[in-house]
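Chains, contacts and geometry: an overview
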Amino acid sequence: MIEVRDLSKTFRVHRKQPGLVNSIKSLFHREWVNNTALDSVSLSIGKGEIVGLVGANGAGKTTLVKILSGIIHPDGGTVRVMGENPWERKNSFRKNIALIMGQKAQRWWDLPAADSFLLLREIYGIPKDEFSKRLNRLTETLDITSKMDIQLRRLSLGERMKMELIAALLHNPQVVFLDEPTIGLDITSQRAIRQFIADYRQEHEPAMILTSHYMEDIETLCKRIIIIREGKIVYDGPLADVVEKHTPGKIITATLSECSLTEGFSIPSELGTIISTDNCRITVQVPRPKLTSATSYVMEHLSISDLSIEEPDISTIIESIMRGHHE
Amino acid sequence: MIRYIRLYLYFLQFSFSRAMEFRFDFFFRIVMDLVYYGINIGFYLILFSHTTTLGGWNQSQMLVFVAGFLVVDAINMTVFANNLWVLPDFINKGELDYYLLRPVSSLFILSLRDFAANSFVNLIAAFGLLIYALVQYEGTLSVGGVILFILLLVVGAILRYLLRMCFLIPTFWLHAGRGFDMVFFQLNRFIERPHRIFTGVMRVLLTSVLPFSVMASFPASLLIDGFSWTIFAQFIAVTVGFSLFVAWFWKKGIRAYSSASS
C-alpha cells in the first residue's frame, strides 16, 4: 500500500539574530540555513499493517506523514501510496486516505458534529444508507452518540478527538495516518481511543501509520515500529526485536545477605559484566543465552537474600535509540 | 458540478444557522453597509448639483451605475469577503492542511465556505436600490438589456473576487500579513467611478490588468450607451483571462505552501 524509496526533504529557513538591529539587517541581507527533515528514507507498508513511527520532536515524523498524505512536496525520491503519487492529490487518491493530527484540530464551522459529518458525506460522496450505517457503528463504538448535536467547541478535548476520528474514518479510507491521536488526553480517553483504533483495524484492515509520544500507544497497537532520528530511519522491524537487538541482555540484581561480601567479587567476562555495586547490592548485565549459567554463578559465589532478573524497559530502550545513545 | 452546487447549499445552510447566533454583529453590519451606500449616492448627488453630465452620464444614468457597483460590492461582501479575509492567516499559520486532503478543489472550499449571512440583508438592499434606479431611469430600457446588465454585474463581482485573489495569493511566498490586500482596497475605489472619466494609460490599466472599470462601469455602459461588441468582448476576455490566471497562480501557491510547511 505504501512504498517509499530514498525520500528526502530539506527546508530552507532564514536565520536571524535576536534584536531590532539584526531585524533591520535581515531586511537587506538574509542568512539561509538548510534544515534536513528527511534523509533518504525507504520503507514499505502493506495492507492491514499498523506501523508505529517513533522519534523525538523534530525528527521528521510529521514531515513524513504529511508527504505520504500529499500535503508536502518532497525534494527527492519516490513515493507510491496505493500506487499513486500523493502530491498529485488526485481525487481518487484523496478519497482513500485519512490524516488525523492530534495537535491540529480541523476548523469546520461552529456547528454540532452531526452537521459536519453531513458535509463530509457530500464531499466524499458516501451513499446515504451506507453513511448512516457507518456513522452509527462509529458513534456507538466510541460511545459518543449523545454528543452528536452539541456544538464542537463545547465538547471536551477527548470528545472532540473522538469526533475527529469519526470524521476521518467515515469514508472508509484504505490508508490512515494518525499523528499523535492521543496527545493531551486523560488516561481513560487515551485507552478508549487506543481500543477503538485496534478494533477498527481488525475490522477494516487499512494500512496505518501511528506516531505518538506515548509508548503505551505504540506498545498496544503496533507489532512493527520505525524509529526515526534526525531524518533517518535507525530501526525498522518488529517491536519485540527492538529489545533483543539493542540491549546486550537481561539485568540481574542480587541483594546480599551480608553487605561486605561485594568486595573482591568478579564474574567471568563471558557470563556478563558488573554494572554497579553498592554495599549490599550488585547489578550484572548478562547476555541472553548465558542467563542460567550467570545466575547460578552469582548464586554460588555470593550469599544472597534476594535476586531479580529484569528485561530492560522497552520505552527506555526506544528512547535511547531515538536519542542516539545506542549505536 | 452538481456535487459542488450541493456542497454550496450546505455552506449556505451552515452559515445561516450560525449567523442567527450573533445578533449584534447582524445589525451592525446592516447599519455599516447602509452608511456606505448613503455616502456613495450622496457623493454623486452633490456632484450633480454642480454639473449636468459626468463622463457622458446624467444624474439618472449615474444612479444606475452607482446601484450597479453597490450590487457588485454587496455580492462580494456576502459571498467571498469572510473567506478571503482569513485566507492570509490560514496560509501563514499552516491551516490549509486539512483543505488539501479533501477530494474537492481547495480553492472552491476556501473561497466559498463562509457565506456572510449577516450581509445578506445588504444584498437585498443593494438589489432594491438597483430596481429603484432602473425604474426612475429617464430613458427607455429593453428587457434583454436589463437582464444582460444584471448578469454582467454578477460576473463583475466574480471578476472582483479574482482580482483580489491576485493580491492575496502572493502571501504564499511573502508570508506578510495583509500588505497587498490593503493595496487592493485602495485601488478598489476605481470601481466607484465611471470608466469614461479616465483617459490614456489610466484607462488602459483600469480596463485590462486592473480591471476595476470592467466590473460595473462596462455593464452599465452596455445598458445605458447601447450594446457594443468591443466592450462586451473585452469584458469576456478579461474575465476569462483572470479565471485562468488565478487557477494557475493558486496551483503555484499551493506548491509553494507544500514545500514550506512542516
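These numbers come from a predicted model, not from an experiment.

Counting its secondary structure elements, chain A contains eleven helices and 13 strands. For 327 residues, the compact-globule estimate of 2.2 N^0.38 gives 20 Å, and the C-alpha radius of gyration of chain A, at 25 Å, exceeds that figure by more than 25%. Over its C-alpha atoms, taken along the principal directions, chain A stretches across nearly 75 × 60 × 40 Å. Per-residue burial over chain A gives 35% buried out of 327 residues.

How large an interface is tends to be reported as the accessible area lost when its parts come together. Chain A puts 27 residues into the contact, and the matching count from chain B is 19 residues. Mapped by element, the contributors of at least two residues to the side of chain A that touches chain B are α3 (91–94) and α4 (113–124) of chain A. Among the elements that line the side of chain A that touches chain B, the one with the most residues is α4(A), at six residues.

When cut into domains, chain A gives domain 1 (2–10 + 38–243) and domain 2 (248–311). Here domain 1 of chain A and domain 2 of chain A have C-alpha centroids that lie 45 Å from each other.

What follows deals with the sheet that holds strand β11 (residues 273–277) of chain A. Residue and element names in this part refer to chain A. Pairing is antiparallel across the open sheet formed by four strands, whose spatial order is β11-β12-β10-β13. Single-partner strands in this sheet number two, and they are β11 and β13 (304–310). The average undirected angle you get between the axes of adjacent strands in this sheet is 20°. Where strand β10 (residues 249–256) lies against β13, six bridges are found, and the strand directions are antiparallel. Pairing of Ile 251 across the sheet is with Glu 310, part of β13. Against the sheet, helix α10 (residues 291–301) makes contact with β10, β12 (281–287) and β13, and its axis sits at roughly 15° relative to β10, the strand it touches most.

Turning next to the nonpolar core. The biggest cluster of nonpolar side chains holds 127 residues, and the ones touching the most others in it are Val51(A), Ile166(A), Leu210(A), Val71(B) and Val72(B). Ranked by the residues each element gives to this core, the list is headed by helix α3 (residues 59–92) of chain B, at 18 residues. For Ile166(A), the contacting residues outside a window of four places in its chain are Phe117(A), Leu138(A), Thr139(A) and Leu142(A).

A separate point is the sheet that holds strand β3 (residues 50–54) of chain A. Residues and elements named next belong to chain A. If you walk across this open sheet you meet the six strands as β5-β6-β7-β3-β8-β9, and the pairing is mixed. Looking at which strands have only one partner, the edges of the open sheet turn out to be β5 (97–101) and β9 (232–238). Averaged over all pairs of adjacent strands, the angle between their axes in this sheet comes to 15°, without regard to strand direction.

Leaving glycine out, the prevailing phi sign among residues is negative, and the prevailing peptide bond configuration is trans. Residue and element names in this part refer to chain A. Look at Arg 89: it is not a glycine, yet its phi comes out positive at around 50°. Positionally, Arg 89 belongs in the loop between β4 (76–81) and α3. Taking the number of C-beta atoms within 10 Å as the measure of exposure, Arg 89 has 19 and is therefore partly exposed. Positive phi is not limited to glycine here, since Asp 143 has a value of about 55°. With respect to the helices and strands, the residue Asp 143 is situated in the loop between α5 (128–141) and α6 (157–169). Given 12 C-beta atoms within a 10 Å radius, Asp 143 is considered exposed.

So, about the packing of α6(A) against helix α7 (residues 187–204) of chain A. Residues and elements named next belong to chain A. Put simply, α6 and α7 touch, their axes get as near as 10 Å, and they point 15° apart. In terms of their interaxial angle, α6 and α7 are classed as roughly parallel. Of the two possible hands of crossing, α6 and α7 adopt the one that is right-handed. Counted together, Gly 158, Met 161, Leu 165 and Leu 169 of α6 and Ser 189, Ile 193, Phe 196 and Tyr 200 of α7 form the full contact between these two elements.

Criteria and thresholds
Residues numbered from 1 in each chain as written. Chains lettered and ligands numbered in written order. Predicted model: local features only at pLDDT ≥ 70, side-chain atom pairs only at ≥ 80, totals over all residues. Helix = DSSP H or I, 4+ residues; strand = E, 2+ residues; numbered from the N terminus. Rg over C-alpha atoms; globule rule 2.2 N^0.38 Å. Buried ≥ 20, exposed ≤ 12 C-beta atoms within 10 Å, placed from the backbone. Contact = placed C-beta atoms within 7 Å. Domains from an automatic or database assignment. Pairing = 2+ DSSP bridges. Axes fitted to C-alpha atoms, helices over the stretch in contact; angles between N-to-C directions. Core = buried A, V, L, I, M, F, W, Y, C linked by C-beta atoms within 7 Å. Parallel < 35°, antiparallel > 145°, perpendicular 65-115°, else oblique. Left-handed = near helix turned anticlockwise from the far one by under 90°.

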